[in-house]
Amino acid sequence: MSRLLIVGPQGSGKGTQGVRIAQAFGIPAISTGDVFRGAVAAGTELGQQVQAIIEAGNLVSDELTSAVVRDRLAQPDAEHGFLLDGYPRNVVQVMHLEEFLEGRDEQLDAVIELDVPRDESIARLSLRAAEQGRSDDTEEVIANRLAIYERETAPILDIYRTRGIVDRIDGVGTLDEITERIISALEARGLVRPAAA
Ligand code: AMP
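Residues numbered from 1 in each chain as written. Predicted model: local features only at pLDDT ≥ 70, side-chain atom pairs only at ≥ 80, totals over all residues. Heavy atoms only, no water.

J.: Can you tell me about the site of the ligand, naming the residues and giving the values?
T.: Close contacts around the ligand come from 17 residues, with Thr 32, Arg 37, Asn 58, Gly 86 and Gln 93 the closest. A distance of 2.5 Å separates an oxygen atom of the ligand from a polar backbone atom of Asn 58. Within the backbone of Val 60, a nitrogen or oxygen atom sits 3.0 Å from a nitrogen atom of the ligand. The leading source of residues in the shell around the ligand is helix H2 (residues 32-42), at 4 residues. Looking at the shell around the ligand, its residues break down into 5 nonpolar, 7 polar and 5 charged. (Near = heavy atom within 4 Å. Polar contact = N/O pair within 3.5 Å; in protein donor to acceptor, adjacent residues only side chain to side chain. Helix = DSSP H or I, 4+ residues; strand = E, 2+ residues; numbered from the N terminus. Nonpolar A, V, L, I, M, F, W, Y, C, P; charged D, E, K, R; others polar.)

J.: Outline a nonpolar patch on the surface, supporting the account with residue identities and numerical values.
T.: Among the surface-exposed residues, Val 91, Val 92 and Met 95 lie close enough to one another that they form a single nonpolar patch of about 240 Å² accessible area. By the element assignment, Val 92 lies in helix H5 (residues 91-103). (Patch = residues over 30% accessible without salt bridge, like charges linked within 9 Å, V, L, I, M, F, W, Y side chains within 5 Å. Areas by Shrake-Rupley, 256 points an atom, 1.4 Å probe, with all protein chains shown as cover. Salt bridge = Lys/Arg side-chain N within 4 Å of Asp/Glu carboxyl O.)

J.: Could you give an account of the packing of helix H6 (residues 118-132) against helix H7 (residues 139-162), with specific residues and numbers?
T.: Where H6 meets H7, the axes come as close as 11 Å, and the angle between the chain directions of the two elements is 140°. For the element pair H6 / H7, the angle class is oblique. Along this stretch, H6 crosses H7, giving a crossing that reads as right-handed. Taking contact as the criterion, the partners of Arg 118, Ile 122, Leu 125, Ser 126 and Arg 128 in H6 are, on H7, Ile 142, Arg 145, Leu 146 and Glu 150. The residue makeup of the contact of H6 with H7, split by class, is 4 nonpolar, 1 polar and 4 charged. (Axes fitted to C-alpha atoms, helices over the stretch in contact; angles between N-to-C directions. Parallel < 35°, antiparallel > 145°, perpendicular 65-115°, else oblique. Left-handed = near helix turned anticlockwise from the far one by under 90°. Contact = heavy atoms within 4.5 Å.)

J.: Please set out the pairing of strand S1 (residues 3-7) residue by residue, giving values where relevant.
T.: Each regular strand carries side chains that alternate between the two faces of the sheet. In terms of burial, S1 is a largely internal element, 5 of the 5 residues being buried. Here S1 shows two buried faces, one formed by Arg 3, Leu 5 and Val 7 and the other by Leu 4 and Ile 6. Here S1 runs beside strand S3 (residues 82-85); their pairing, made up of 4 bridges, is parallel. Within S3, the position partnered with Leu 4 by the bridge is Leu 83. By the bridge criterion, 4 bridges tie S1 to strand S4 (residues 110-115) in an arrangement that is parallel. When the sheet's bridge partners are listed, Ile 6 is paired in S4 with Ile 112. (Buried < 20%, exposed > 50% of the residue type's maximum accessible area, 1.4 Å probe, protein only. Pairing = 2+ DSSP bridges.)

Note that all results are geometric; they support no functional claim without further evidence.
Quick look at the structure:
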């Protein structure tokens, strides 16, 4: 079974590819952004806590985010593998995840880095803003989120690189091409897809 993380700037297509890869490997895709947006939409206590932060494109606190992820990873469907999308997003969260996985005698098998030029990310985000009307896809908030990515999230890749588990994937191409590239890289690591049901 596979324990995966997908990392890339906003607009890199990591959400879409994450779902496709999770499906191919028969594991749940766990997106903290989706969990938070779902909580906001449902008006839960968590949603109320995070709404303003998300709308400004800032990061939710590490403690709260890590607690949400621990709860999700404790569910039975994540017992034998998972794909994390959007978490960990900074070095402190890497440490939180590490501690949690160590407690289960587990570790990440591979980190997929989706490489998309900045101009391309911005163009895709603007398109998504027009199509989906996400409240954190305004120009100002997009710039804030990309700056946070470069400052806080990109450095986590250096940690995983020293462990030799990062696969850097060219994120420009058709959806199918990119999915194929990721699957090939993961298979080259010896990660096995379940036989089609
Ligand atoms: P995303 O869909 O991954 O871009 O996440 C949308 C928003 O949710 C982010 O801009 C943050 O406000 C919040 N968020 C998602 N994941 C995290 C995380 N790991 N740590 C802190 N905030 C997060």
